[in-house]
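Architecture and fold: a report
Listed below, chain by chain, are the residues.
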Amino acid sequence: MMDKEILQLEKDLFKHEKISDINWLNNVIDDDFVECGKSGLLYNKEITLKDLSKCTKDRNITIYDFTCKKIDNNTFLVHYITKSDNKYYYRTSIWENNDGLKLLFHQAT
């Protein structure tokens, strides 16, 4: 059941309607969030929110081969492949469920 909720949140992070809502983003992305982008650079929550706010439309990204593994009672590791602009990326996220799911870590390679 949790895997479906997390998959939906991952998809929502590609939707303009969601990522243009700063309150929604603040509730979904943990304050200690770290992202390792496909560039290899690290980004914190502040930079990520600023970058997402620049999006003016849905990001045309498709998710394939989504898997979700429970690490402990509150922590989940997800892996999936995305396709955008005819390129494929392997993505990994860590989600924590403490009074609601929050994204702790994300990496795209």
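For the structure itself, look to the data block above.
Analysis parameters
- Residues numbered from 1 in each chain as written.
- Predicted model: local features only at pLDDT ≥ 70, side-chain atom pairs only at ≥ 80, totals over all residues.
- Heavy atoms only, no water.
- Helix = DSSP H or I, 4+ residues; strand = E, 2+ residues; numbered from the N terminus.
- Rg over C-alpha atoms; globule rule 2.2 N^0.38 Å.
- Contact = heavy atoms within 4.5 Å.
- Lys, Arg positive; Asp, Glu negative; His and termini not counted.
- Charge placed at Lys NZ, Arg CZ, Asp CG, Glu CD.
- Phe/Tyr/Trp six-rings, centres within 6.5 Å; stacked < 30°, edge-to-face > 60°.
- Buried < 20%, exposed > 50% of the residue type's maximum accessible area, 1.4 Å probe, protein only.

Considerations on the overall build of the protein chain
For the protein chain, the helix and strand inventory stands at 4 helices and 6 strands. Shown N-terminal to C-terminal, the secondary structure of the protein chain runs as helices and strands in the order α-α-α-β-β-α-β-β-β-β. The C-alpha radius of gyration computed for the protein chain amounts to 13 Å, which stays within 12% of the reference 13 Å derived for 109 residues, consistent with globular compactness. By its C-alpha atoms, the protein chain is 35 × 30 × 25 Å across when sized along the principal axes. The long-range share in the protein chain, meaning contacts at least 24 apart out of those at least 6 apart in sequence, stands at 41%. Treating the 16 positive side-chain charges of the protein chain as one cloud and the 18 negative ones as another, the clouds have centres 7 Å apart.

Some details on the packing of aromatic side chains
Here the structure, examined in full by the defined rule, presents 2 aromatic pairs. For the ring pair Tyr 64 and Tyr 88, a centre distance of 6.5 Å and an interplane angle of 50 degrees mean the geometry is tilted. You can see Tyr 64 sitting in strand 3 (residues 62-70) and its partner Tyr 88 sitting in strand 5 (residues 87-97), a full 24 residues away along the chain. Looking at Tyr 88, the relative accessible area reads 53%, which means it is exposed. Taken together, a centroid distance of 5.9 Å and an interplanar angle of 35 degrees make the contact between Phe 66 and Tyr 80 tilted. Of this pair, Phe 66 sits in strand 3 while Tyr 80 sits in strand 4 (residues 75-84), placing them 14 residues apart in sequence.

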